[in-house]
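The primary structure of each chain is shown beneath.
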Amino acid sequence: MTTIITLIVAAVTFGTVLMYGTLGEILTEKAGNLNLGVEGIMYMGGAFGLAGAFYYEKAAGAAASGPLAIILAIIAAFAAGAAASAIYSFLTITLRANQNVTGLALSIFGTGIGQFVGEFMRVSEGGYVALSNNLKESFSAAIFPQALIDIPVVGRIFFSHTVFFYMAVVVAVLMFLFLKKTRYGMYLTAVGESPATSDAAGINITKYKYIATIIGGGISAIGGMVYIMTTAGCVWNHEGLSGVGWLAVALVIFCIWRPLNAIWGSVLFGAMMIMYLRISIPFIPTEIYKILPYIVTVIVLILTSMKNSRDKQPPASLGINYFREER
Amino acid sequence: MSDTRTPLIRLAKRTDMDRKKIWCIRVGSIIIALLLGFIPILLTGNNPLSAYGVIIQGSLSRPIYFKQTVKIAVPLLCCALAIAPCFKMRFWNIGAEGQITMGAVAATYFALFWSNRLPHVPLLLIMFISGAITGGLWALIPAFFKARWNTNETLFTLMMNYIAIGIVAWLQGGPWEGRKGSQLIPMFSDNARIPTVLGVHCGWIIALILVLLMYVYMTKTKQGYEIAVIGDSVNTARYAGMNVGWIVMRTMFLSGAISGIVGFIIVSGANFTLYKGVANGVGFTSISIAWLSQLNSFAMIAISMMLAVLEKGANTLQTRMQIPASIADIITGILLFCMLSSEFFINYRLIIRRGGRKEEQP
């Protein structure tokens, strides 16, 4: 029992990282933009988030407060991701560059920037960038009182996580409400499904695509920051972060573009990615566990395309740029 | 409609720009990208011009550096050639990374278990062919589902990359592991290594042959023509009686096969072993190369050399000026952004509203 609870808690920790990446990408793809730069965006979020917290502590010294550091890290990561996505948006929406190629270019660029900033901080600070233990703890502290966490079984599963997990759940619910219950959300979905129809209906396509992509990129970037500040222990670690962005892209498919699915989907993927550390199943080599998420995603992709049910498809215009004069 | 409703800037497609102007725009975009590359170098407190100098020196100034640069460029070039027919068909194959990896797996199998049973040349030929077939089959999986159920190929091929890499990770730590616990596959014997010609493994010859073959295939053959028609309009192709699904599968097999050959060249010419990072991003970078070359085989040579110079030079930059080698990725990214943007100015004409009156365009 304890093994399972430990597994779930660890899965949630890694799943939180994925959840931000996925939620951001869902919003982006809802607008019809396939941003394959998530990997780069999450690198940038990680590096800038760490930089935000680190330089804040350096400036504030011993008076640095945990909550403020968290807020600054979130803002820094979000801004970095938004800036990266702004480049992507400008190229694909205004200049109509190919989305796949632009996304891959952003991936290369973003991983480069993330690495560069991480390395640069390390070199300029004399070899080691780390927060003080106080701040580190505030990033990975549970937010609920100990009494709740001590409830047997349920306590650790539901109440022992960091603030980032609960925030991600809130973002997922808000995104669901936005997409399903508000007019703007409906418009956004319409833009992703059929830009030409939306354009004819008087919706400002460009505005919706820009805003959704930029905010989506910002949300994804927070995931990178969460990884660096919780799992990696507030130290720049590019190896651990590599591949996370691609996994988030896979997860978007697995969730069939629904934000609420991202909550359990990311925990499930998180579990698959760390399972090899905790449980060994006879006859299945541990390395094979790690490809499970991708295999599951492929199966979902195949099944949805075979069934051809309309509400489970990718946004119809995904990956295709819209140009009004082109018919 | 009133005049004020005319937007300040409108766009129109154009195809009439002359070649000289097009090349001016492209070269201009590269220069702008290199200028933008000054920014990160300046932030590290170094002189950008001398940094670029070091990059050029470190990649081209001596024969040995030049050879290493070519070694980086060969897989990029071959793989860009592999991607070209898919992209021409508007089949967004971003799974070259996985196809390279699977080709490498097949080649490695023969290198590990057949190298003492076969003579040099037949062994290499078998490695070459098995790499091509395995890469091709790996690419055929998403192509089949695309042809049959119209499954989204971008996402499918992307997933296949990580499955391939996972398989290698498993081989590395399991069945093919050399010394127990090393997590490494043993080095190939000399028998399984491709010979060097002029100091670089002969992959560069394969690459140049492929450039020619691909050029002929795409411009002079019936199959190349079919690919072009599907790329322009799937419906036209259907009305003309082409079996689109079959052509998609055939082209993807071809593309995967070339990527598989890249895998063979990498393991047998450069690394002499297999590990999970064998493709090392080549599959992704070469997509940009293919696209930026307008799928033109010969332009790919220039662009892949350019990116190889950056990558090789950046390593020298790190040792000499303590600038992180990731600067290569940043400048590559900026280059790609600028070149992608430049296509806009080649393909579209900006029409600026004058004097508030709607004007007729010629």
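This one's a predicted model, so the numbers in the text were calculated from it and none came from an experiment.

Peer 1: Describe the overall build of chain A, listing the residues and the values that go with them.
Peer 2: Broken down by element type, chain A carries 16 helices and 0 strands. For chain A, whose C-alpha radius of gyration is 20 Å, the value lies close to the compact-globule estimate of 20 Å for 327 residues. Expressed as a percentage of its 327 residues, the buried residues of chain A come to 56%. At a minimum sequence separation of 6, the contacts of chain A that also span at least 24 residues come to 77%. Entry remark: accessible area of chain A is about 13,000 Å², with carbon and sulfur atoms responsible for 67%.

Peer 1: Which residues make up the overall build of chain B, and what values do they have?
Peer 2: Looking only at helices and strands, one finds 14 helices and 4 strands in chain B. Taken over the C-alpha trace, chain B has a radius of gyration of 23 Å; the compact-globule value for 362 residues is 21 Å, and the two agree within 12%. When its C-alpha atoms are laid out on the principal axes, chain B stretches across 80 × 60 × 35 Å. Considering only intrachain contacts with a sequence separation of at least 6, the fraction spanning at least 24 residues in chain B is 77%.

Peer 1: I'd like to hear about helix 12 (residues 282-292) of chain B, residue by residue, with values.
Peer 2: When you tally the buried positions in helix 12 of chain B, you get 10 out of 11 residues, the bulk of the element. Along helix 12 of chain B, the residues that are buried comprise V282, G283, F284, T285, S286, I287, S288, I289, A290 and L292 of chain B.

Peer 1: Any chance you could break down a nonpolar patch on the surface for me, citing the residues and the numbers?
Peer 2: A cluster of nonpolar side chains, M1, I151, V153, V154 and F158 of chain A, forms an exposed patch at the surface whose accessible area comes to about 460 Å². Structurally, the position occupied by M1 of chain A is in the segment before helix 1 (2-30).

Peer 1: Which residues make up the nonpolar core, and what are the values?
Peer 2: Residues F139, M225 and M229 of chain A together with M127, L158 and L274 of chain B are the most contacted members of the largest nonpolar core, which totals 217 residues. For this core, the element with the highest residue contribution is helix 4 (residues 63-88) of chain B, accounting for 13 residues. Residues within four places of M225 of chain A in sequence aside, it is in contact with G45, G46, G49, A73, I74, A77, F139 and F164 of chain A. One finds L95 and F323 of chain A together with F344 and Y348 of chain B within the second-largest nonpolar core, a separate group that totals 5 residues.

Peer 1: Account for the interface of chain A and chain B, with residues named and values stated.
Peer 2: The interface of chain A with chain B comprises 45 residues on the first partner and 43 residues on the second. Taking both partners together, chain A and chain B bury about 4,100 Å²; carbon and sulfur atoms supply 81% of that area. Across the chain A-chain B interface, the total number found is 0 salt bridges. Between the two partners, chain A and chain B, sit 3 residue pairs in polar contact (both at pLDDT 80 or more). Elements with a contribution of two residues or more to the side of chain A that touches chain B: helix 3 (66-94), helix 4 (99-124), helix 13 (244-254), helix 15 (286-289) and helix 16 (292-307) of chain A. Of the residues forming the side of chain A that touches chain B, the biggest block, 14 residues, is contributed by helix 4 of chain A. When the residues that make up the side of chain A that touches chain B are grouped by side-chain class, the tally is 32 nonpolar, 8 polar and 5 charged.

Peer 1: Now, about the confidence of the model for chain B: what can you tell me, with residues and values included?
Peer 2: Per-residue confidence for chain B gives a mean pLDDT of 85; residues scoring 70 or more make up 95%. Overall, residues 356-362 of chain B carries pLDDT values under 50, and its contacts beyond four positions in sequence, including any with other chains, amount to 10 contacts.

Peer 1: How would you explain the packing of aromatic side chains if you had to name every residue and give the values?
Peer 2: Applying the stated criterion to the full structure yields 30 aromatic pairs over all chains. A centroid spacing of 6.4 Å and a plane angle of 80 degrees characterise the contact between F14 of chain A and Y227 of chain A, whose relative ring orientation is edge-to-face. Placement of F14 of chain A in helix 1 and of Y227 of chain A in helix 11 (residues 205-231) is noted, with a sequence separation of 213 residues between them. The class for Y227 of chain A is buried, based on a relative accessible area of 7%. A centroid spacing of 5.1 Å and a plane angle of 15 degrees characterise the contact between W246 of chain A and F284 of chain B, whose relative ring orientation is stacked. Of this pair, W246 of chain A sits in helix 13 while F284 of chain B is found in helix 12, placing the two residues in two different chains. For the pair W246 of chain A and F284 of chain B, a shared accessibility class is recorded, and that class is buried. These aromatic residues form a ring-pair network of at least three members: Y109, F110, F113, W114 and W176 of chain B. The cationic tip of R96 of chain A hangs over the ring face of Y348 of chain B; the distance from NZ or CZ to the ring centre is 5.6 Å. Its end group placed over the ring of W114 of chain B, R117 of chain B keeps NZ or CZ at 4.4 Å from the ring centre.

About the criteria used
- Residues numbered from 1 in each chain as written.
- Chains lettered and ligands numbered in written order.
- Predicted model: local features only at pLDDT ≥ 70, side-chain atom pairs only at ≥ 80, totals over all residues.
- Heavy atoms only, no water.
- Helix = DSSP H or I, 4+ residues; strand = E, 2+ residues; numbered from the N terminus.
- Rg over C-alpha atoms; globule rule 2.2 N^0.38 Å.
- Buried < 20%, exposed > 50% of the residue type's maximum accessible area, 1.4 Å probe, protein only.
- Contact = heavy atoms within 4.5 Å.
- Areas by Shrake-Rupley, 256 points an atom, 1.4 Å probe, with all protein chains shown as cover.
- Patch = residues over 30% accessible without salt bridge, like charges linked within 9 Å, V, L, I, M, F, W, Y side chains within 5 Å.
- Salt bridge = Lys/Arg side-chain N within 4 Å of Asp/Glu carboxyl O.
- Core = buried A, V, L, I, M, F, W, Y, C linked by side-chain atoms within 4.5 Å.
- Buried area = accessible area lost by both parts, 1.4 Å probe.
- Polar contact = N/O pair within 3.5 Å; in protein donor to acceptor, adjacent residues only side chain to side chain.
- Nonpolar A, V, L, I, M, F, W, Y, C, P; charged D, E, K, R; others polar.
- pLDDT = per-residue confidence, 0-100.
- Phe/Tyr/Trp six-rings, centres within 6.5 Å; stacked < 30°, edge-to-face > 60°.
- Lys NZ or Arg CZ within 6 Å of the ring centre and 35° of its normal.

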